[in-house]
Amino acid sequence: SAMRSAIVGQCFGTLSQQALTRGLTLVYLTKLGISSTRVLVYLSLPFLLISIIRVPCAVMADRLGIKKLGVPGLVFAAMGFAAFALAGSAPQASQESVVLMGCIVYALGEAMTSAGWFALLSPIVPPALRGRFFGRLRMSWQTMGALFLAMCAAVLARDASILTYQILMGMAALGLVIRIGFYM
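About the cut-offs
Residues numbered from 1 in each chain as written. Predicted model: local features only at pLDDT ≥ 70, side-chain atom pairs only at ≥ 80, totals over all residues. Heavy atoms only, no water. Helix = DSSP H or I, 4+ residues; strand = E, 2+ residues; numbered from the N terminus. Buried < 20%, exposed > 50% of the residue type's maximum accessible area, 1.4 Å probe, protein only. Contact = heavy atoms within 4.5 Å. Axes fitted to C-alpha atoms, helices over the stretch in contact; angles between N-to-C directions. Left-handed = near helix turned anticlockwise from the far one by under 90°. Nonpolar A, V, L, I, M, F, W, Y, C, P; charged D, E, K, R; others polar. Phe/Tyr/Trp six-rings, centres within 6.5 Å; stacked < 30°, edge-to-face > 60°. pLDDT = per-residue confidence, 0-100.

A. Structural detail: the overall build of the protein chain. The helix and strand tally for the protein chain stands at eight helices and zero strands. Along the protein chain, helices and strands appear, N-terminal first, in the series α-α-α-α-α-α-α-α. The principal-axis extent of the C-alpha atoms belonging to the protein chain is close to 50 × 35 × 25 Å. Going through the 184 residues of the protein chain one by one, you find that 41% of them count as buried. Partitioning the intrachain contacts of the protein chain with sequence separation of at least 6 by distance along the chain shows that 82% fall at a separation of at least 24.

Structural data, given as structure tokens:
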């Protein structure tokens, strides 16, 4: 049951990761009129920040507890990604500030959560099942990500308005919210 929850939770959590790494966010930010140079900076920023703060977050997870750090991290990640969706409704002059804030809050949340992820799974996944479990986990979240992006492509082929992008980004943020229940 716990292994199934981990897999389902990651399937919902992957939507934001796929949106960031597979071009959806890039096209959305370009549609908002943000320069290509800044779009590249904004899309790289979460991964840079995560790599810098993951180790301090791991130390905090050891001291505070994995879930005591991970659950607030999930909330931050969802709030940060929701900022991407909300950026399209912000006044033109503040859209980039909303995106930048979203990048920072999302990165903080993902670092807080991912710092203890494997330690959280360690007692749940028996050693004899680890290879099978991680193979199934990877196949599941990658399939979910591909289906999500295929759905996004189909929707955007019909309507590529800012509102449509916001809805798709909002769906990815909702996936992060749903992940909280499975993580807990």
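Now, onward.
B. Seen up close, the packing of helix α2 (residues 24-31) against helix α8 (residues 162-183). It is at 10 Å that the axes of α2 and α8 come closest, and there the two elements cross at 145°. Judged by the twist between their axes, the crossing of α2 over α8 is left-handed. On α8, the residues touching Leu24, Thr25, Val27, Tyr28 and Lys31 of α2 are Ile162, Tyr165, Gln166, Leu168 and Met169. When grouped by side-chain class, the residues that make up the contact of α2 with α8 number seven nonpolar, two polar and one charged.

C. Summary view of the environment of Leu149. Among the secondary structure elements, Leu149 is positioned in helix α7 (residues 130-158). For the pair formed by Leu149 and Leu24, sequence separation is 125 residues and the distance between their alpha carbons is 7.9 Å.

D. Local environment of the packing of aromatic side chains. Using the criterion set out here, one finds seven aromatic pairs in the structure. When the centroid spacing of 5.7 Å and the interplanar angle of 25° are considered together, the rings of Tyr28 and Tyr165 count as stacked. Of this pair, Tyr28 sits in helix α2 while Tyr165 sits in helix α8, and the two are 137 residues apart along the sequence. With respect to burial, Tyr28 and Tyr165 carry one shared label: buried. Between Phe81 and Phe84, the ring centres sit 5.1 Å apart and the planes meet at 65°, which makes this aromatic pair edge-to-face.

E. Main features of the confidence of the model for the protein chain. In the predicted model, the protein chain carries a mean pLDDT of 95, and the fraction of residues at 70 or more is 100%. Taken element by element, the predicted model of the protein chain shows its lowest mean pLDDT in helix α6 (residues 117-121) (90) and its highest in helix α5 (residues 95-114) (97).

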